[in-house]
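# Notes for the structure review
Below are the chains, spelled out letter by letter.
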Amino acid sequence: MRVICDAPGQTCNRLWTYVASVAQCVAQRRKMVIVFFDWTIEDFPHLLHSEYVFFPLWHKWYLERGNGWNNYKGLTWKVTHSKSWDRVFRLLGFTKGWDTRRDTRYLQQTLPVLQQIFRPADDIVARAEALVGQLRQEADLVVGVHIRRGDYATWHNGRFFYGLDDYHRFMLRVQSLYADRRVAFFISSNEAFPADIFTGCRCARFGKEPSGAVLDLYTLSLCDRIMGPFSSYSRWASFIGRVPLCFLEYKGQEIGEDSFSPIVDFFHFADGREIFDW
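This report concerns the structure included in the present document. These numbers were taken from a predicted model, which means no experiment stands behind them.

Right, let's talk about the nonpolar core for a bit. Residues Leu114, Phe118, Phe185, Met227, Trp236 and Phe239 are the most contacted members of the largest nonpolar core, which totals 96 residues. The leading source of residues in this core is helix 1 (residues 11–28), at nine residues. Aside from chain neighbours lying at most four places away, what touches Phe118 is Leu15, Tyr18, Val19, Val22, Phe44, Leu47, Trp236 and Ile240.

Written out as structure tokens, the structure reads:
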């Protein structure tokens with residue numbers, strides 16, 4: 001039985017940490033253990049209660065008492081950043097899920113089942129489908145735009161940090177590319193700004209919603225195209241929703257139909273392009 005013992009980064013890093021092992025368990029009818037689950041785990045009830053996955057530290061009665069969640073987060077950080085615990089996990093034969101990202105053996109054959117396992121809670125699905133449905137009433141093509149700034153100002157010296165005006169120009173290029181179609185944009189961002197700042201573009205976004213990150217993530221997976229800077233977030237939405245993705249690599253980037261391709265695993269697009277391990 002495979003035991004996943006690491007907890008890298010935020011939610012989508014965790015999802016990529018799990019997915020190769022979950023796919024293998026589905027294909028081989030086996031069970032696995034995830035020791036340190038992400039704090040958004042209740043937004044993924046089908047994963048939490050999957051027949052293939054066991055979460056030994058999931059005890060709702062404890063987590064929701066007093067400082068339960070804070071204690072759990074502290075434990076996760078302490079153990080997953082400890083060289084001593086690393087040695088213990090190696091001796092026990094545990095696996096770091098982040099190291100399984102190149103294991104692509106079972107991803108495509110099990111993808112329909114993975115889509116069900118990683119499907120968010122029904123209320124999240126309903127809100128996402130309602131918003132995309134509204135956009136489709138006046139559009140032939142819905143493009144998801146993942147606007148990530150914040151920590152990207154310093155990540156790789158700001159190489160993939162774009163201003164809102166840069167994102168506006170990217171959106172206008174996409175409109176020009178599909179000039180024969182009515183284009184609408186879904187904006188995914190954790191920043192507070194109105195969707196109508198992108199003049200000449202029909203846009204919609206959620207406000208401060210419960211489960212906002214997972215809600216945006218699932219909504220991106222319902223779009224017809226996705227674009228955004230290098231991120232495991234948009235990469236997951238493309239993979240799980242089979243949605244063509246365009247990574248925004250520099251400000252003056254021209255965008256064509258061949259710029260978009262679905263993600264088939266963490267390091268590859270469906271058209272064969274390889275993604276550098278940033």
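In this section: the side chain of Asp38. Tracing the backbone through its elements, the reader meets Asp38 in the loop between strand 2 (32–34) and helix 2 (45–48). Of the residues examined, Asp38 reaches a relative accessible area of 5% and is grouped as buried. A distance of 2.5 Å separates the side chain of Asp38 from the side chain of Thr40, its partner in a polar contact. Among residues more than four places away in sequence, those in contact with Asp38 are Gln10, Thr11, Arg14 and Tyr18.

The next subject is unusual backbone geometry. With a phi close to 55°, Arg29 is a non-glycine residue in the positive phi region. Relative to the helices and strands, Arg29 is located in the loop between helix 1 and strand 2. Residue classification places Arg29 among the exposed residues on the basis of a relative accessible area of 55%. With a phi angle near 55°, Arg242 is a residue other than glycine that sits in the positive phi range. Tracing the backbone shows Arg242 in the loop between helix 10 (232–241) and strand 8 (245–247).

In this section: the packing of helix 1 against helix 10. Axis angle and axis distance: for two packed helices, these are the angle between their axes and the distance between the axes, and together they describe the pair. Their axes nearest at 8 Å, the elements helix 1 and helix 10 cross at an angle of 50°. As judged from the angle between their axes, helix 1 and helix 10 are oblique. Crossing of helix 1 over helix 10 shows left-handed handedness. Taking contact as the criterion, the partners of Cys12, Asn13, Leu15, Trp16 and Val19 in helix 1 are, on helix 10, Ser232, Tyr233, Arg235, Trp236 and Phe239.

A few words now on the pattern of salt bridges. Under the criterion given, the structure shown has 17 salt bridges. One salt bridge in this structure joins Arg105 and Asp103, with 2.8 Å as the shortest N-O distance. Residues joined by salt bridges that share partners form a network here, namely Asp165, Asp166, Arg169 and Lys251.

With respect to topology, three strands assemble into an open sheet ordered 1-2-3, the strand pairing being parallel. Pairing within the sheet leaves two strands with one partner each, and these edge strands are strand 1 (2–4) and strand 3 (53–54). Sheet topology note: the strand 1/strand 2 ladder contains three bridges and is parallel. Pairing of Ile4 across the sheet is with Ile34, part of strand 2.

What counts, and at which threshold
- Residues numbered from 1 in each chain as written.
- Predicted model: local features only at pLDDT ≥ 70, side-chain atom pairs only at ≥ 80, totals over all residues.
- Heavy atoms only, no water.
- Core = buried A, V, L, I, M, F, W, Y, C linked by side-chain atoms within 4.5 Å.
- Buried < 20%, exposed > 50% of the residue type's maximum accessible area, 1.4 Å probe, protein only.
- Helix = DSSP H or I, 4+ residues; strand = E, 2+ residues; numbered from the N terminus.
- Contact = heavy atoms within 4.5 Å.
- Polar contact = N/O pair within 3.5 Å; in protein donor to acceptor, adjacent residues only side chain to side chain.
- Axes fitted to C-alpha atoms, helices over the stretch in contact; angles between N-to-C directions.
- Parallel < 35°, antiparallel > 145°, perpendicular 65-115°, else oblique.
- Left-handed = near helix turned anticlockwise from the far one by under 90°.
- Salt bridge = Lys/Arg side-chain N within 4 Å of Asp/Glu carboxyl O.
- Pairing = 2+ DSSP bridges.

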